[in-house]
Amino acid sequence: MKKIKNIALLMGNNSYVGREYANQLIKQKINFDILIFGKKLSNEIDIKRVKSFWKPKSQNLLLKKRNFIFFDKINSKKILDFLKAKKYYIGIQGGGLGLINKEIIECFNKGILNLHPGKLPEYRGSSAPEFQIVDKKKIYGSFHFINEKIDSGKLVYLKKLNLNFSSYEKMRSQIYPEMSKSLPKIINKILKNKIKIKNLIIFEKKYLPKKFIGVEFIKKLKLNWKEYSKNYDSK
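Residues numbered from 1 in each chain as written. Predicted model: local features only at pLDDT ≥ 70, side-chain atom pairs only at ≥ 80, totals over all residues. Heavy atoms only, no water.

### Focus on the pairing of strand 2 (residues 33-37)
Okay, so step 1: Among the five residues in strand 2, five count as buried, and that is most of the element.
Okay, so step 2: In strand 2, alternate side chains face the same way, and those of Asp-33, Leu-35 and Phe-37 on one face and Ile-34 and Ile-36 on the other are all buried.
Okay, so step 3: Where strand 1 (residues 7-12) meets strand 2, five bridges bridge the pair, whose relative direction is parallel. Bridge pairing in strand 2 links Ala-8 to Asp-33.
Okay, so step 4: Where the polypeptide runs from strand 1 across helix 1 (residues 16-27) and back to strand 2, its parallel neighbour, the crossover connection is right-handed.
Okay, so step 5: With four bridges joining them, strand 2 and strand 3 (residues 68-71) adopt parallel strand pairing. In the sheet register, Ile-34 faces strand 3, and the bridge partner there is Phe-68. (Buried < 20%, exposed > 50% of the residue type's maximum accessible area, 1.4 Å probe, protein only. Helix = DSSP H or I, 4+ residues; strand = E, 2+ residues; numbered from the N terminus. Pairing = 2+ DSSP bridges. Right-handed = clockwise from strand over helix to strand, strands pointing away.)

Have a look at this one:
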């Protein structure tokens, strides 16, 4: 009898990113548990970045479709004991969690997969899309197994993102929905051991995480959208 390889989506309570991933996995009929952490998130940063251009399906609706359990904290003995008993094959980082301890990561047979909106290893940190624009580079999404550092670990897939560059908010609103479209395919490849990995750890000192780019800088950035979109190869 074929052994079932269990999957868990780990997400902050009400995370926009987690809700987007959950919806895409459900649409593709992938079975997974949803592990939800902490108090309900306001998603303030996401809402400011995207205005009304992106609003994932509600958490309450998604929870009706899959098994779920709530926890107070991600790095706690309670979740550690739970994960050791469950023996998940893959975890998916669904946002709103912060850095995850090594002992939690190691509870997953293959590790915890993260979708990062930047080309790794060069662009680390939460403002990777903005810094790629500053450098007049194409915007990529990186699928990688995390370690306890920021945007490091093992790279499994790079995806060039086809985005709408008519405004900052439209560009930002499409990043996670675009990445999530490839998530079911990557999960299936991992389950079938048909994935190549690249070690990102060796690049940690060369490419340091960049801090949040700042609201004032983003306001100035808006002035360059027409010029940037001309230089961006969307094919």
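### Describing unusual backbone geometry
Okay, so step 1: The linkage connecting Leu-120 with the following residue, Pro-121, adopts the cis geometry, with an omega of 10 degrees.
Okay, so step 2: Secondary-structure assignment places Pro-121 in the loop between strand 5 (111-116) and helix 6 (128-134).
Okay, so step 3: A positive phi angle is found at Asn-14, which is not glycine, with a value near 80 degrees.
Okay, so step 4: Secondary-structure assignment places Asn-14 in the loop between strand 1 and helix 1.
Okay, so step 5: Assessed through its relative accessible area of 13%, Asn-14 is described here as buried.
Okay, so step 6: Positive phi is not limited to glycine here, since Lys-29 has a value of about 60 degrees.
Okay, so step 7: Given a relative accessible area of 72%, Lys-29 falls into the exposed group.

### Remarks on the pattern of salt bridges
Okay, so step 1: One pass over the structure, following the stated rule, counts seven salt bridges.
Okay, so step 2: Where Asp-81 meets Lys-77, a salt bridge forms, and the shortest distance between an N and an O atom there is 2.7 Å. Here Asp-81 pairs with Lys-77, and both are found in helix 4 (residues 77-86), just four residues apart, close to one helical turn.
Okay, so step 3: A relative accessible area of 37% means that Asp-81 is categorised as partly exposed.
Okay, so step 4: The shortest N-O distance in the salt bridge between Lys-181 and Glu-178 comes to 2.9 Å. (Salt bridge = Lys/Arg side-chain N within 4 Å of Asp/Glu carboxyl O.)

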